[in-house]
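Coordinate analysis (summary)
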Amino acid sequence: MNAIRIAPQKCVAILVLLSLLVLMPCCSETSRFSNFESLPPEGWAYDDTVTVTFPKTDSISHGTLCVALRHNNDYRYSNLWIEVTVPLAVGGQICDTVNIVMADPYGKWRGSGFGATYQLVDTLYNDIAVDLRRPFGVRHIMRVDTLTDIDLIGLTFNPFD
């Protein structure tokens, strides 16, 4: 059996790259808030709202709100229609319908991933003031009773400094 030989310089480059990938999350903003919820293996029911709460903070914050999801290669559609309920800093809430485009016109998945799992992050609001003490809501509004092959959904809030 022939062994694959890698030059020492390439080994060092590979180790440095892997180290950077492992350490990158440590260098991210400390003020970012994220929360993700796993969806049931049997699917996400049409009337099931996923509640997303953030760790207790100073309540009112101004920044960027993003939705993140993880799906597998068996997802049947090229997009995901969701309804997002956002508690506003001024009181009350807004409820918006959002179309997340998950694949290009040729069927290539957007986002990142390898194997049969893909992750996608999409910006909902670039500049919004929210109340982080109150829960956010996300539900799918696709034209099916139960949506399968979405594994995880969540929200990320990046406050302005």
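This text goes with the structure placed above it.
For clarity, every value in this text was computed on a predicted model and none was experimentally measured. (Residues numbered from 1 in each chain as written. Predicted model: local features only at pLDDT ≥ 70, side-chain atom pairs only at ≥ 80, totals over all residues. Heavy atoms only, no water.)

Think of a ball as big as a water molecule: rolled over the atoms, this probe shows where empty space is left. Quantified by volume, the largest pocket comes out at close to 270 Å³. Every residue lining the largest pocket is counted, 14 residues in all, and those nearest its centre are Phe 36, Ala 68, Gln 119, Val 121 and Thr 156. Here the lining of the largest pocket takes four residues from strand β4 (residues 60-72), the largest share from any one element. Classifying every residue of the lining of the largest pocket gives seven nonpolar, five polar and two charged. (1 Å grid on protein atoms, 1.4 Å probe; cavity = no way out; pocket = protein on both sides within 12 Å on 5 of 7 lines; lining within 4 Å. Points joined across faces, edges and corners; volume = space filled by probe spheres on them. Helix = DSSP H or I, 4+ residues; strand = E, 2+ residues; numbered from the N terminus. Nonpolar A, V, L, I, M, F, W, Y, C, P; charged D, E, K, R; others polar.)

In the sheet, β4 pairs with strand β8 (residues 117-131) via 12 bridges, with the strands oriented antiparallel. Among the inter-strand pairings, Asn 72 is bridged to a residue of β8, identified as Thr 117. Pairing of strand β7 (residues 112-114) with β8, which is carried by three bridges, proceeds in the antiparallel orientation. Following the sheet pairing, Ser 112 is matched in β8 by Gln 119. What sits between β7 and β8 in their antiparallel hairpin is a turn of two residues, with Gly 115 showing a positive phi close to 70 degrees. (Pairing = 2+ DSSP bridges.)

Further remarks concern the sheet that holds β7. The strand order across the open sheet formed by five strands is β1-β11-β4-β8-β7, and the pairing between neighbours is antiparallel. This sheet does not close on itself; its edge strands, each paired only once, are β1 (33-38) and β7. Strand-to-strand twist across the sheet, computed as the mean angle between neighbouring axes with direction ignored, equals 20 degrees. Summarising the sheet, β4 and strand β11 (residues 150-159) pair through nine bridges and their orientation is antiparallel. (Axes fitted to C-alpha atoms, helices over the stretch in contact; angles between N-to-C directions.)

This brings us to unusual backbone geometry. Phi angles above zero are rare outside glycine, and Asp 149 is one such case at about 75 degrees. Assignment of secondary structure puts Asp 149 in the loop between β10 (146-147) and β11.

A few words on the packing of aromatic side chains. Within the structure shown, the criterion is met by four aromatic pairs. Ring centres of Tyr 75 and Tyr 77 lie 5.5 Å apart, and the angle between their planes is 75 degrees; on these two criteria the pair is classed as edge-to-face. Given a relative accessible area of 4%, Tyr 75 falls into the buried group. By relative accessible area, Tyr 77 is classed as partly exposed at 29%. One cation-aromatic arrangement involves Arg 139 over Tyr 46; the distance from NZ or CZ to the ring centre is 5.1 Å. (Phe/Tyr/Trp six-rings, centres within 6.5 Å; stacked < 30°, edge-to-face > 60°. Buried < 20%, exposed > 50% of the residue type's maximum accessible area, 1.4 Å probe, protein only. Lys NZ or Arg CZ within 6 Å of the ring centre and 35° of its normal.)

Applying the stated criterion across every chain, the model contains three salt bridges. A salt bridge links Arg 139 to Glu 83; the nearest nitrogen and oxygen atoms lie 2.9 Å apart. Here the residue Arg 139 occupies a position in strand β9 (residues 136-140), and Glu 83 occupies one in strand β5 (residues 79-87), the gap between them amounting to 56 residues. Judged by its relative accessible area of 22%, Glu 83 is partly exposed. Of the charged contacts in the structure, one is a salt bridge between Asp 131 and Arg 134, with a shortest N-O distance of 4.0 Å. A relative accessible area of 5% means that Asp 131 is categorised as buried. Arg 134 sits in the partly exposed class, given a relative accessible area of 26%. What you see here is one network of salt bridges that share partners, running through Asp 131, Arg 133 and Arg 134. (Salt bridge = Lys/Arg side-chain N within 4 Å of Asp/Glu carboxyl O.)

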